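# Structural overview for review
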Amino acid sequence: MIGYYVHHQGLGHLHRAQCIAAHVQDTLTILSSLPRPEAWTREWVPLPPDSDDAPVDPTARGRLHWAPVHHQGHQERMGTIAEWIRRTRPTLFVSDVSVEAAALARLMGTPVAIAAMRGDRSDEAHRLAYDLADALIAPWPESFPERDWPAHWHAKTLHTGSISRYDGRPHLASGSDDPPSRKEVVVMLGAGGTDVTDRELEEAIRATPDWSWTFLGGPRAHWTDDPWPLLCRADVVVTHAGQNAIAECAAARVPTIVIPQDRPHGEQRATARALHAAGLATVRDSWPAPHAWARLLVEAAALQNRWERWSPGDGAQRAGRLLTELARRTPRQPVCVAQ
């Protein structure tokens, strides 16, 4: 039995969990405050929300990330997880991602695997979680490591490459033999929030009359559950540097402009630096000025496609095999993380 905690911010954590679960040869239960997807056929434990506009000491004086004092939602959330662990006695608990959920599971004697994140994870809360984990799953290639990690983190890390729900899906043809009158740029801003304004998007459109713009998420469009057809037909995609967004662009092998957004611990900026250093995407630190867009789109479209270095296509399978092995090992059997 495996418990799998899925964080509620955005949809990337859930997409990754579903991909990995498809390759786990063991009973697996997701615990999350997200709505249960219709396609999910395994057990799902709904968790109460624990957000608060005015939390009291949520970091326990800098030792944790989110444990507000005397907060009923947080108490019920932790209690639900603890009761599920007590009742089912899982052989492994996966956290994607919560320091507190990982620590709770380990305090109850359950081995823990954690979905690792890029950026500066040297704060005390991350050090606690990564230190106590039996294994870390890093959804990026081993050839682009987080160089500031201590050696004992690297020793228990499986680098899977990116994990996308589109890995292995056939690329879709445009559906027409006629060449398009204008090239198409798809802007994928995601469900986890964006720093881009409607005015900035409108200025970019006006500055590039030779391009047709399509939006997925953000201030100009609703979220699209399946952007694969749009990614396949795009000449260029513009997106942030979240793990899931990059994984989907990499799976589509589409030229991509990456503009990292400010996130805790510099996660997106660390990913953007790795992509830029490897020449996998065209990276800008902030949203470009209107006059820069025409040249930027041409530059991005001409970049040599090297996405296979980031997206080998079997990341979910590799993660699933590791979780299966961890869940089935005997208590005294040492952990072996094979790349």
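Presented here is a report on the structure given in the accompanying data block. What you are looking at is a predicted structure, and each value in this text was computed from that prediction instead of being measured.

## A few points about the side chain of Thr208
Looking at the secondary structure, you find Thr208 in the loop between helix H6 (198-206) and strand E9 (211-217). A distance of 2.8 Å separates a polar atom in the side chain of Thr208 from a polar atom in the side chain of Trp213. Those residues in contact with Thr208, other than ones at most four positions away along the chain, are Trp213, Trp293, Ala294 and Leu297.

## A short note on the nonpolar core
By size, the foremost hydrophobic cluster in this structure holds 44 residues, and its most contacted members are Ile81, Phe93, Tyr130, Leu275 and Trp310. If one sorts the elements of this core by residue count, helix H3 (residues 99-107) sits on top with six residues. Formed by 28 residues, the second largest nonpolar core is a distinct cluster that contains Ala17, Cys19, Ile163 and Ala316.

## Some points on the packing of aromatic side chains
The geometry of an aromatic ring pair is captured by two quantities: the separation of the ring centres and the angle between the planes. As enumerated under the stated definition, the model contains 10 aromatic pairs in all. Here the aromatic rings of Tyr130 and Trp149 are separated by 5.9 Å at their centres, their planes lie at 75°, and the arrangement is edge-to-face. One end of the pair, Tyr130, is in helix H4 (residues 124-132); the other, Trp149, is in the loop between strand E6 (135-138) and helix H5 (151-155), with 19 residues separating them in the sequence. A centroid spacing of 4.9 Å and a plane angle of 55° characterise the contact between Trp287 and Trp293, whose relative ring orientation is tilted.

Criteria and cut-off values
Residues numbered from 1 in each chain as written. Predicted model: local features only at pLDDT ≥ 70, side-chain atom pairs only at ≥ 80, totals over all residues. Heavy atoms only, no water. Helix = DSSP H or I, 4+ residues; strand = E, 2+ residues; numbered from the N terminus. Polar contact = N/O pair within 3.5 Å; in protein donor to acceptor, adjacent residues only side chain to side chain. Contact = heavy atoms within 4.5 Å. Core = buried A, V, L, I, M, F, W, Y, C linked by side-chain atoms within 4.5 Å. Buried < 20%, exposed > 50% of the residue type's maximum accessible area, 1.4 Å probe, protein only. Phe/Tyr/Trp six-rings, centres within 6.5 Å; stacked < 30°, edge-to-face > 60°.

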